[in-house]
Each structure stands twice: as C-alpha cells, then as structure tokens.
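# Tertiary structure, described
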Amino acid sequence: AQTVTQSQPEMSVQEAETVTLSCTYDTSESNYYLFWYKQPPSRQMILVIRQEAYKQQNATENRFSVNFQKAAKSFSLKISDSQLGDTAMYFCAFSWDSNYQLIWGAGTKLIIKP
Amino acid sequence: EADIYQTPRYLVIGTGKKITLECSQTMGHDKMYWYQQDPGMELHLIHYSYGVNSTEKGDLSSESTVSRIRTEHFPLTLESARPSHTSQYLCASSGRRPGNTIYFGEGSWLTVV
C-alpha cells in the first residue's frame, strides 16, 4: 500500500528561525511526484513546492526547499527565515503515473512565534 | 491564485434538509475532487471525476452524491443532512497529466444542527 507519514503533529519556532518538517513515504512505483501543500488558518490550500522523483536536484521556491532522499523515501521541507505568515498546516502528498489521486499525510501544524 | 470557487462558504442547516455545495473552476481542468476535512485534520477523498459524465467514490464512504454535467461544474449534494455531516468540504481540480498540481477552492463549512 502507498502511504505517507508525517511524524510531527505540531511544531513551533521563533520568527526568523529555520524549521524542517519531515515526511516519509512508501511506494514501489518508479516514477512519482511529491508535493508540499500549505493550509493557513481559514484560508485556501496552496501548493508550496513540487518534486518529480526522477529529478535528482532538490526543488526550491524562495525560502522553501526540500531534501529529497529517494533511497530513504524521505521528502522533508525546510523553511528558512520563517515568517508569521508561514503559520499553517503543512501536508505532504504524492502521486504516481498510474494513479490520478494524491495520497496525503496527516499534516503538521506549524506555529511561528513572534 | 487558482480560479476555483465554492459556494456557500458557510452554511448552518437543520437535520433532514437537502443541501447542494457548488464548485466551479475556470481553468478547463478535466479532473475534479471533493475532500472532507475536519478542523486541523487530514484530508479524506470522498468523490472524484475524470471528466464530463465521469464520477467515482473516493476512499472515505460518504452519503453525498456528485454530478459532472459540465467540465467546469462539480456540485455535491446531501439529500438528508445529519449532524455527522458537519465538516469542511474542499473542492479541487487538476489537469489530466499525472503529477499535475491540484488547486483548491476556499472550502465550504457545513454545520448540521
């Protein structure tokens, strides 16, 4: 079975610090796609970053970057210089070529403290 | 921001009432989804569609039904609402290729009293 595990239900850091959210997954597929989504309180879920498994280079989007370890099936999200607006639920998810749906993790609640 | 719209955003109704949650997208996406999410919890897929006249049930059993008569429109209906249906319902859409980003609406908060 394809699964996604986020082992940190909740995290909190001070503003401007760096924080890493962990995500591991289990799949036997060879080609797949990994995502981090952000859901701010009472606001729309949006894509933070996306990684294609066949690409060795880690994806980055401004202050957000991933550490993709394919052999270990790990896909952690690093947020640098955290801001108050980063406070949100963060969901890790993946899909693969023969499946059109996303498999979602349970989410990590991230609180950025002033 | 993505062009996917849900109405109503908030709804409080009595038990036994019929409700329809509307979802529309202007991106021409083939695939559309309905997720159910309790506050601060994970997402559960309840319905999805690959295109017009295509609907499938998701992983979480739901008493709701959906229809896809037009590409842009994917309404969800509850024939007889119950307090157990109280939750947030998220509509989403994506292109047809595997690995495409899924775009979400702002959600519909349903409270059944």
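Described below are features of the structure shown in this document. (Residues numbered from 1 in each chain as written. Chains lettered and ligands numbered in written order. Predicted model: local features only at pLDDT ≥ 70, side-chain atom pairs only at ≥ 80, totals over all residues. Heavy atoms only, no water.)

## Description of the interface of chain A and chain B
How we decide: In this analysis, two residues are considered to be in contact whenever any of their non-hydrogen atoms come within 4.5 Å of each other. Summed over both partners, the accessible area lost on bringing two parts together, with a 1.4 Å probe, is the buried area. In this description a helix means any DSSP run of H or I spanning at least four residues, a strand means any run of E spanning at least two, and both kinds are numbered starting from the N terminus. Residues are grouped as follows: Ala, Val, Leu, Ile, Met, Phe, Trp, Tyr, Cys and Pro are nonpolar; Asp, Glu, Lys and Arg are charged; all remaining types, including Gly, are polar.
Across the contact, 20 residues belong to chain A and 27 residues belong to chain B. Summed over both partners, the interface of chain A with chain B comes to about 1,800 Å²; 53% of that surface belongs to carbon and sulfur atoms. Counting only elements with at least two residues in the side of chain A that touches chain B, the list comes to β5 (32–39), β6 (46–52), β10 (88–96) and β11 (99–104) of chain A. For the side of chain A that touches chain B, the per-class residue count stands at 12 nonpolar, 6 polar and 2 charged.

## Digging into the side chain of Lys38(A)
Residues and elements named next belong to chain A. Our working definition: Counted as a polar contact is a pair of N or O atoms within 3.5 Å, where, for protein atoms, one must be capable of donating a hydrogen and the other of accepting one, and residues adjacent in sequence contribute only when both atoms are in side chains.
Along the chain, the position of Lys38 falls in strand β5. Engagement of the side chain of Lys38 in a polar contact is seen with the backbone oxygen of Gly85, the distance being 2.9 Å. Those residues in contact with Lys38, other than ones at most four positions away along the chain, are Gln44, Met45, Ile46, Val48, Gly85, Asp86, Ala88, Met89 and Tyr90.

## Quick look at the state of the cysteines
Residue and element names in this part refer to chain A. As a reminder of what qualifies: Pairs of cysteine sulfur atoms within 2.5 Å are identified as disulfides in what follows. Burial classes follow relative accessibility: with a 1.4 Å probe on protein chains only, a residue under 20% of its type's maximum area counts as buried, one over 50% as exposed, and anything between as partly exposed.
For the structure on display, the rule yields 2 disulfides over all chains. Residue Cys23 pairs covalently with Cys92 via a disulfide, S to S 2.0 Å. Taking the torsion about the sulfur-sulfur bond, which here is approximately -70°, the covalent link between Cys23 and Cys92 counts as left-handed. In this pair, Cys23 sits in the loop between β3 (19–21) and β4 (24–26) while Cys92 sits in strand β10, placing the two residues 69 residues apart along the sequence. Here Cys23 and Cys92 have matching classes, each one buried.

## Re the sheet that holds strand β7 (residues 65–66) of chain B
Residues and elements named next belong to chain B. Note the following rule: Pairs of strands are assigned from DSSP output, requiring at least two bridges between the strands.
With antiparallel pairing, the 4 strands of this open sheet are ordered in space as β1-β3-β8-β7. Looking at the sheet topology across the chains shown, the edges are occupied by β1 (4–7) and β7. As judged from the 3 bridges shared by strand β3 (residues 19–25) and strand β8 (residues 76–78), these two strands associate in the antiparallel manner. By the bridge assignment for β8, Ile19 is matched with Leu78.

## Structural notes on the nonpolar core
Applicable threshold: We call a set of buried residues a nonpolar core when its members are Ala, Val, Leu, Ile, Met, Phe, Trp, Tyr or Cys and they connect through side-chain atoms within 4.5 Å of each other.
Counting 27 residues, the largest nonpolar core has Trp36(A), Leu77(A) and Tyr90(A) as its most contacted members. Elements with a contribution of two residues or more to this core: β2 (10–14), β3, β5, β6, β8 (64–69), β9 (74–79), β10 and β12 (108–113) of chain A. Take this core: its biggest share by element is 5 residues, from β10(A). Setting aside anything within four residues of it in sequence, one finds Tyr90(A) in contact with Gln6(A), Leu21(A), Trp36(A), Tyr37(A), Lys38(A), Val48(A), Phe64(A), Leu77(A), Ile79(A), Gly107(A), Thr108(A) and Leu110(A). Core analysis: the next-biggest nonpolar cluster, separate from the first, contains 18 residues, Tyr33(A), Leu102(A), Tyr33(B) and Phe104(B) among them.

## A word on the pairing of β6(A)
All names here are of chain A. Bridge count for β5 against β6 is 6 bridges, and the pairing is antiparallel. Within the sheet, the bridge partner assigned to Leu34 lies in β6 and is Gln51. In sequence, β5 turns back onto β6 through a hairpin of 6 residues, with Ser42 there showing a positive phi of about 60°.

## A closer look at the environment of Leu110(A)
Residue and element names in this part refer to chain A. Structurally, Leu110 can be placed in strand β12. Relative accessible area serves as the criterion here: at 0%, Leu110 is assigned to the buried category. Beyond its immediate stretch of four places on either side in the chain, Leu110 contacts Met11, Val19, Leu21, Ile79, Asp86, Thr87, Ala88 and Tyr90.

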